[in-house]
Amino acid sequence: MHFKEYSSLLIVQQDTIVTVTLNRPVALNALSSQVIDELDHVLDIVGAAIAGGAWPCRGMIITGAGEKAFAAGADIREMTGMSPDQAWAYSTRMQALTLKLESLPVPVIAAVNGFALGGGCELAMACDFIYAATRAAFGQPEVSLGLVPGFGGSVRMQQRMGLARARELLYTGQRITADEAHRLGLVNALFDSQEALLTGARRTLLMIAGQSPTAVAAVKSTMRRVEGHSTSRGLEIEAESFREAFRTADMQEGTRAFLAKEKPAFPGC
Ligand code: DAK
């Protein structure tokens, strides 16, 4: 895949994994509109490369440059001059980006190395799951700025930890430690250092890359499609997805290899 030179992102492709680093350490990687545009561009390139079979991308890591922050939220400096309509446009642009992230057919891990506040926490929650360094901190401090979450926090925080806990965090604007975020289910796993965090995220993505890519993509999209539906409708959606799996060469190969006691070589279709 060919990425252009970004001014606020660093991109590394290794094996089948793309690592995207938010790179504005002087502003604690705050999500300026430039960062949002560049992230959007990266997702378009990765999505198109996967769809076109150009590069076997099997996962993405999003992390922050420096030791201090994943992202300290939306760029407050940029936000202050916005009219209500510009604020709405800014919010819907970032929301569209989070939906694009969720619909990528490969898993995305947020590797949170420091502050993940406001929009930073919301970006992390749009990833499939969050790994964190023990020094990381999470929060939605919008109420301290006279704001409300604008990048999906009111929706995804309660999906992650339940309504009552989410209300408490959003109403108080309180910052929580990585340990507390882990206990609340916001964070899947904790790591002692930034290096261990990135190694842990890569290890998980490589483990997933050893599975059938069509099945992983189908599980991701099915879990997303069942959200918000009744159990019975959710089960119908799952059964449809199960039927589709039987049309794939990956399913033929996976079951054949199991019965032959071999390692499967998934064709990815
Ligand atoms: N935006 C812009 N610059 C930021 C920033 C941010 N969010 N966070 C930090 N910086 C900058 C600081 O201004 C400072 O720059 P200089 O003064 O050196 O030029 C530099 O990064 C280092 O920050 P500090 O000096 O403050 O560092 P500390 O270690 O003392 O404190 C901190 C770290 C993370 C606790 C602190 O920086 C902080 O509280 N930052 C703000 C966190 C925050 O409130 N984030 C915003 C959450 S609200 C919307 C849609 C969505 C949203 C908003 C609107 N619309 C629809 C319009 C979302 C809003 C949010 O994300």
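Residues numbered from 1 in each chain as written. Predicted model: local features only at pLDDT ≥ 70, side-chain atom pairs only at ≥ 80, totals over all residues. Heavy atoms only, no water.

Draft legend 1. Up close: the overall build of the protein chain. For the protein chain, the count of helices and strands is eleven helices and ten strands. Over its C-alpha trace the protein chain gives a radius of gyration of 19 Å, about what one expects of a compact globule, namely 18 Å for 269 residues. Per-residue burial for the protein chain yields a buried fraction of 45% across its 269 residues. Sequence separation of 24 or more characterises 68% of the internal contacts of the protein chain that already satisfy a separation of 6 or more. (Helix = DSSP H or I, 4+ residues; strand = E, 2+ residues; numbered from the N terminus. Rg over C-alpha atoms; globule rule 2.2 N^0.38 Å. Buried < 20%, exposed > 50% of the residue type's maximum accessible area, 1.4 Å probe, protein only. Contact = heavy atoms within 4.5 Å.)

Draft legend 2. Broad picture of the site of the ligand. Surveying the vicinity of the ligand reveals 26 residues, the closest of which are Lys68, Ala72, Ala74, Ala87 and Gly119. Here an oxygen atom of the ligand sits 3.3 Å away from a polar atom, N or O, in the main chain of valine 26. Between an oxygen atom of the ligand and a side-chain N or O atom of arginine 77, the distance comes to 3.1 Å. The protein chains hide 69% of the 1,100 Å² of surface that the ligand would expose on its own. Those elements giving two or more residues to the shell around the ligand turn out to be helix H2 (76–79), helix H3 (84–103) and strand S6 (115–117). A breakdown of the residues in the shell around the ligand according to their chemical character gives 16 nonpolar, five polar and five charged. (Near = heavy atom within 4 Å. Polar contact = N/O pair within 3.5 Å; in protein donor to acceptor, adjacent residues only side chain to side chain. Areas by Shrake-Rupley, 256 points an atom, 1.4 Å probe, with all protein chains shown as cover. Nonpolar A, V, L, I, M, F, W, Y, C, P; charged D, E, K, R; others polar.)

Draft legend 3. Molecular detail of the sheet that holds strand S2 (residues 17–22). Taking strand neighbours across the sheet as the criterion, the six strands line up as S1-S2-S3-S5-S7-S10 in an open arrangement whose pairing is mixed. Looking at which strands have only one partner, the edges of the open sheet turn out to be strand S1 (9–14) and strand S10 (189–191). Across the sheet, the mean angle from the axis of one strand to that of its neighbour is 20°, orientation sign disregarded. Sheet topology note: the strand S7 (residues 129–133)/S10 ladder contains three bridges and is parallel. When the sheet's bridge partners are listed, alanine 133 is paired in S10 with phenylalanine 191. Each of S1, S2 and strand S3 (59–64) is contacted by helix H1 (residues 33–52), which is oriented at about 20° to S1, the strand it contacts most. (Pairing = 2+ DSSP bridges. Axes fitted to C-alpha atoms, helices over the stretch in contact; angles between N-to-C directions.)

Draft legend 4. Inspection of the pairing of S1 at higher detail. Here S1 runs beside S2; their pairing, made up of six bridges, is antiparallel. The residue of S2 that forms the bridge with isoleucine 11 is valine 20. Counting the residues between successive antiparallel strands, the hairpin from S1 to S2 contains two residues, one of them, aspartate 15, with a positive phi of roughly 50°.

Draft legend 5. The arrangement of the side chain of serine 241 in detail. For serine 241, the location among the structural elements is in helix H10 (residues 231–245). We classify serine 241 as buried; its relative accessible area is 15%. When sequence neighbours within four positions are dropped, the list of residues in contact with serine 241 reads Ala218 and Thr222.

Draft legend 6. Examining helix H9 (residues 213–226) more closely. An ideal rise of 1.5 Å per residue puts 20 Å on 14 residues; H9 measures up with 20 Å between its terminal C-alpha atoms. Those residues of H9 that fall on the buried side of the exposure criterion are Pro213, Ala217, Lys220 and Thr222. Elements that come into contact with the buried residues of H9 comprise H3, strand S5 (108–112), H10 and helix H11 (249–259). Within two residues after H9, glycine 228 carries a phi angle of roughly 85°, on the positive side. (Expected span 1.5 Å × (residues − 1).)

Draft legend 7. Structural context of the pattern of salt bridges. Tallying each qualifying case throughout the model produces 16 salt bridges. A salt bridge links arginine 233 to glutamate 236, with the shortest nitrogen-to-oxygen separation between them at 2.8 Å. With arginine 233 and glutamate 236 both in helix H10 and three residues apart, the pair spans about one turn of that helix. For arginine 233, a relative accessible area of 31% corresponds to the partly exposed category. The partner of arginine 247 in a salt bridge is glutamate 244, and the shortest N-O contact between them spans 3.0 Å. Judged by relative accessible area, arginine 247 falls into the exposed class, the value being 59%. A relative accessible area of 39% means that glutamate 244 is categorised as partly exposed. Salt bridges here are not isolated pairs; linked through shared partners, they connect Arg225, Arg233, Glu236 and Glu240. (Salt bridge = Lys/Arg side-chain N within 4 Å of Asp/Glu carboxyl O.)

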